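# Structural features, examined
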Amino acid sequence: MPHSNPRPGPQSIQIIGACPHDCPDTCSMLTTVENGLAVKVQGNPNHPHTDGALCAKVSRYTERTYHPERTLQPMKRVGTKGSGQFEPVSWDEALGDIANRLKAIAAQDPQAIQPYSYAGTMGLVQGEGMAGRFFNKLGASMLERTICASAGGAGLVHTLGAKVGMRVEFFAEAKLIIIWGSNSITSNLHFWRYANQAKRGGAKLICIDPRKSETADKCHAHIALLPGTDGALALSIMQQLVVNDRLDHDYLARYTLGWAQLRERALQWPPERAAAVCGIEAAQIEALARDYGACAASASQSTGAQGPAAIRMNYGLQRVHGGGNAVRLIAMLPALIGAWRHRAGGVLLSSSGAFAVQRAKLERPDLLAGRTPRTINMTTIGNDLLRPASPEFGPKVAALIVYNSNPVAIAPDSAKVVAGFAREDLFTVVLEHFQTDTADYADYILPATTQLEHWDVHSSYGHTDALLNRPAIAPLGQAKPNTQIFRELAARMGFDEPCFQDTDEALCRLAYGDAVDFNALLEKGFVTLPMPEAPFAQGNFPTPSGQCEFFSQRLADRGLDGLPDHVPNHEAAHSSKAYPLAMISPPARNFLNSTFVNVTSLRNSEGEPLLEMHPVNAAARQIQDGSTVRVFNARGEHRCRVSLNHRARVGVVHGLGVWWRKFGLDGTNVNQLTSQALTDLGNGPTFYDCLVEVQAA
Ligand code: SF4
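Residues numbered from 1 in each chain as written. Predicted model: local features only at pLDDT ≥ 70, side-chain atom pairs only at ≥ 80, totals over all residues. Heavy atoms only, no water.

## Focus: the overall build of the protein chain
- Each helix and strand in the protein chain was counted, giving 24 helices and 27 strands.
- Computed over the C-alpha atoms, the radius of gyration of the protein chain is 25 Å, within 12% of the 26 Å expected from 2.2 N^0.38 for a compact globule of 697 residues.
- Seen through its C-alpha atoms, the protein chain measures out along the principal axes to roughly 70 × 60 × 60 Å.
- Residues counted as buried form 63% of the 697 residues belonging to the protein chain.
- Long-range pairs, those at least 24 residues apart, make up 77% of the contacts in the protein chain between residues at least 6 apart in sequence.
- Of the roughly 24100 Å² of accessible surface on the protein chain, a fraction of 49% belongs to carbon and sulfur atoms.
- Averaging the coordinates of the 64 positive side-chain charges in the protein chain and doing the same for the 65 negative ones gives two points 2 Å apart. (Helix = DSSP H or I, 4+ residues; strand = E, 2+ residues; numbered from the N terminus. Rg over C-alpha atoms; globule rule 2.2 N^0.38 Å. Buried < 20%, exposed > 50% of the residue type's maximum accessible area, 1.4 Å probe, protein only. Contact = heavy atoms within 4.5 Å. Areas by Shrake-Rupley, 256 points an atom, 1.4 Å probe, with all protein chains shown as cover. Lys, Arg positive; Asp, Glu negative; His and termini not counted. Charge placed at Lys NZ, Arg CZ, Asp CG, Glu CD.)

## Thoughts on the site of the ligand
- Close contacts around the ligand come from Cys19, Cys23, Asp25, Thr26, Cys27, Leu54, Cys55, Val58, His190 and Leu592, and that covers them all.
- Along the lines of polarity and charge, the residues of the shell around the ligand split into 7 nonpolar, 2 polar and 1 charged. (Near = heavy atom within 4 Å. Nonpolar A, V, L, I, M, F, W, Y, C, P; charged D, E, K, R; others polar.)

## A word on the packing of helix H9 (residues 230-243) against helix H13 (residues 282-293)
- Packing of H9 against H13 leaves a shortest axis separation of 9 Å and a crossing angle of 60°. When the interaxial angle is binned, H9 and H13 end up oblique. When the axes of H9 and H13 are compared, the crossing they make is right-handed. Between H9 and H13, the contacting residues are Leu233, Ser236, Ile237, Gln240 and Leu241 on the first element and Ile285, Glu286, Leu288, Ala289, Tyr292 and Gly293 on the second. (Axes fitted to C-alpha atoms, helices over the stretch in contact; angles between N-to-C directions. Parallel < 35°, antiparallel > 145°, perpendicular 65-115°, else oblique. Left-handed = near helix turned anticlockwise from the far one by under 90°.)

## Focus on the sheet that holds strand E2 (residues 28-34)
- One open sheet holds the 3 strands; their spatial order is E1-E2-E3, and the pairing between them is antiparallel. Looking at strand neighbours, the two that pair on one side only are strand E1 (13-18) and strand E3 (37-43), the edges of this open sheet. Looking at each pair of strands side by side, their axes are set apart by 30° on average, direction ignored.
- Bridge count for E2 against E3 is 6 bridges, and the pairing is antiparallel. Across the sheet, Val33 pairs through a bridge with Ala38, a residue of E3. (Pairing = 2+ DSSP bridges.)

## Focus: the side chain of Lys57
- Tracing the sequence through the fold places Lys57 in helix H1 (residues 56-59).
- Buried charge without a salt bridge: Lys57, with Glu606 as the nearest opposite-charge side chain at an N-O distance of 8.3 Å.
- Polar contacts involving the side chain of Lys57 include one to the main-chain carbonyl oxygen of Arg589, which spans 3.5 Å.
- Not counting chain neighbours up to four residues away, the residues in contact with Lys57 comprise Thr186, Arg589, Asn590, Phe591, Leu592, Phe596 and Leu602. (Salt bridge = Lys/Arg side-chain N within 4 Å of Asp/Glu carboxyl O. Polar contact = N/O pair within 3.5 Å; in protein donor to acceptor, adjacent residues only side chain to side chain.)

## What to know about helix H3 (residues 91-108)
- Counted at 1.5 Å a residue, the expected span for H3 with its 18 residues is 26 Å, and the 26 Å between its end C-alpha atoms agrees.
- If you check which residues of H3 are buried, you get Trp91, Ala94, Leu95, Gly96, Ile98, Ala99, Leu102 and Ile105.
- For H3, the secondary structure elements touched by its buried residues are strand E6 (113-117), helix H4 (129-138), strand E15 (399-403), strand E16 (427-432), strand E17 (444-447) and helix H19 (482-493). (Expected span 1.5 Å × (residues − 1).)

## Comments concerning the pattern of salt bridges
- Under the definition given, this model contains 38 salt bridges.
- Asp425 is paired through a salt bridge with Lys396; the nearest N and O atoms lie 3.2 Å apart. Here Lys396 lies in the loop between helix H16 (381-384) and E15 and Asp425 lies in the loop between helix H18 (414-421) and E16, a separation of 29 residues in the sequence.
- Lys396 gets classed as partly exposed once you look at its relative accessible area, which sits at 34%.
- Sharing partners across several salt bridges, the network here consists of Arg77, Lys81, Glu424 and Asp443.

## Notes on the layout of surface pockets
- Within this model, the second largest pocket holds a volume of roughly 1200 Å³.
- Lining the second largest pocket are 44 residues, with Tyr118, Glu128, Arg145, Lys163 and Arg359 positioned closest to its centre.
- Among the elements of the structure, H4, strand E7 (142-144), helix H5 (150-157) and helix H15 (359-363) are those that each provide at least two residues to the lining of the second largest pocket. (1 Å grid on protein atoms, 1.4 Å probe; cavity = no way out; pocket = protein on both sides within 12 Å on 5 of 7 lines; lining within 4 Å. Points joined across faces, edges and corners; volume = space filled by probe spheres on them.)

## Topic: the state of the cysteines
- As enumerated under the stated definition, the model contains 0 disulfides in all.
- Cys690 provides the cysteine sulfur closest to Cys640, a residue in no disulfide bond, and the two sulfurs are 13 Å apart.
- With a relative accessible area of 1%, Cys640 lands in the buried category. (Disulfide = S-S within 2.5 Å.)

## Observations concerning the pairing of strand E24 (residues 628-633)
- Taken across its 6 residues, E24 has 5 buried, putting it largely inside the fold.
- Across 6 bridges, E24 lies against strand E25 (residues 636-644) in antiparallel orientation. Residue pairing in the sheet places Arg630 in a bridge with Arg639 of E25.
- Note that E24 and strand E27 (residues 691-696) share 4 bridges and pair antiparallel. Bridging from a neighbouring strand, Arg630 pairs with Gln695 of E27.

## Observations concerning the packing of H9 against helix H11 (residues 259-266)
- In contact at an axis separation of 8 Å, H9 and H11 are set at 105° when each is read in the N-to-C sense. Put simply, H9 runs roughly perpendicular to H11. Packed against H9, whose contacting residues are Leu235, Met238, Gln239 and Val242, the element H11 presents Trp259, Leu262, Arg263, Arg265 and Ala266 at the interface.
- Broken down by class, the residue content of the contact of H9 with H11 amounts to 6 nonpolar, 1 polar and 2 charged.

## Some words on the sheet that holds strand E19 (residues 465-469)
- Strands sit in the order E18-E19-E20 across an open sheet of 3 strands; the sheet is antiparallel. In this open sheet, the two edge strands, each paired with only one partner strand, are strand E18 (456-458) and strand E20 (526-528). Strand-to-strand twist in this sheet, taken as the mean axis angle between neighbours without regard to direction, amounts to 15°.
- Across 3 bridges, E18 lies against E19 in antiparallel orientation.

## Notes on the side chain of Gln672
- With respect to the secondary-structure elements, Gln672 resides in the loop between strand E26 (652-655) and E27.
- Of the residues examined, Gln672 reaches a relative accessible area of 11% and is grouped as buried.
- Once residues within four sequence positions are removed from consideration, Gln672 is found in contact with Ser414, Ala415, Arg635, Gly636, Glu637, His638 and Arg661.

## Notes on the environment of His458
- Mapping His458 onto the fold places it in strand E18.
- Along the sequence, His458 and Thr121 sit 337 residues apart, while their C-alpha atoms lie 9.5 Å from each other.
- Beyond its immediate chain neighbours, meaning those up to four positions away, His458 contacts Ala18, Cys19, Pro20, Thr26, Thr121, Met122, Gly123, Gln451, Asp465, Ala466, Leu467 and Tyr512.
- Only 2.9 Å separates the side chain of His458 from the side chain of Gln451, close enough to count as a polar contact.

Structure (structure tokens):
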């Protein structure tokens, strides 16, 4: 075991890698290796966005990699499903048995085999590189990967044309920054560094978030709106820009589509109406619109009267019924004031659309050979694992292969998810580092390598640099890269296409083809994409019309409203007497989705699962600070400790996540309460659209 924080010795070497986690910052990492052991992981000082600093979570990467509970050999279930009882077996026995079981199911209908994966690694190779080939050749069911960002992604695509926006480094030059639905200090630390630079240069920072987060603490103003009301707020800002004529008429005329219709809709949202929906004061909306409108540019005044205005959205705000429409509306705001004219103006939710990843070459959909398997939405896995065979659904799910994900902890409506995973007739294989909540339900756990032990390449959704990850150490124990596990399974299934022989390094080279200089990646660890500084200064949006599409013909063609609107929550605040509190479940500071929950030092920093609540709501229920509470609704009940603090507004509680269920007081986490209802666009989950009641336990 290496010391947790030793000084590099004279024999030490440093290997350049990339942080694999689901975070917009995509840091470049340096791993110090001594005598074959990784002794330290730190930020790469040569990578401008990383600037030598990793977050507290990934700084502990050696603790995670060498964790004494790491799964380092194949394990076969010996107890009942969920009991967590396993015995070690050889790779030969595990892969042989898995291949035989899959062959038997595939002989009936390969669609009964379901892959389930997400962003446990964001790597393009250890993600779907070889796995995609395996499942395409098999003809397994497809997975609609919606669990995080699909509503917002659809919102961007139907407005700006792709998941694109302003370059993150130019936030440092903005004069007004609106941080909308993001606790950047914990979830987007390296953006926060740019925002702080702007603040030191005199910029005003405004945070919009139901929770008074650590980021809100550091902003000049905070607007604590009710969850799922962001679209109403954006419409009312537009109304104020119109009535006060704080518009860039030239930009609107040249580079937008549907302004007349949007203008009419916005005029229906005076601040008093939006304030009632959002649960805030009309004066707050007027002040926000005044600040934003003061930055309006005109054709002759390309930087805006008071300097460029930049909006940083994050994905929290789109985890509600109207998440897609809300993102559409917010993404339109820069066009109203001509903010795009300046490189420090515009909006950023995701930059992932800037990367020309050769997904078809990696995942090889041609191996489907004309077959069109059904698609299952990962958000509704709870329902779908319990569905019988039917003409509409197809075969009952008979086998589940889980990699890079922990659905028993992170999928909504846990009672159903657990019931599905507990089916004794479901054959489940989990590729993992640890015995997670999901691995407890596996028939086989296959030990996977961590980022320190394999090759990969990465794009980013927060900046525009491609990154390479080199293995720093040899795989621990009997662990294998995901790619190798799927390669060996493919061989046992009799898949003999040459593509199953591609090495990981070959897959890394394939990911970007000629779009990125691979030799430069090998040398430096990162390559900055060639990008215009102000990509939409003169329109050129990657939409069908080339304009910023206020009106989307593509949505209208699907029978949807081509214009965005405020779409109320499925479970709107004040709509239920039985469950009067709105619950959101933002990430706990020391966890990243469900990763790191088992890293002792990070879990100790968090303490235990916590519900944040406003003292007024607590007093009405005779709830004391630090006591144990029952949080419940019709879907289930979760017990945890309550914290009465200034972070919660009246009427909203925060169940910080995502804890592993096994660390919860009664073996549950907040997803016992969340629903499988979907968003307006993108078929995404609605984790923050959830009503509950709370009682002293
Ligand atoms: S989780 Fe984010 S901030 Fe932390 S090291 Fe990874 S990319 Fe950087």
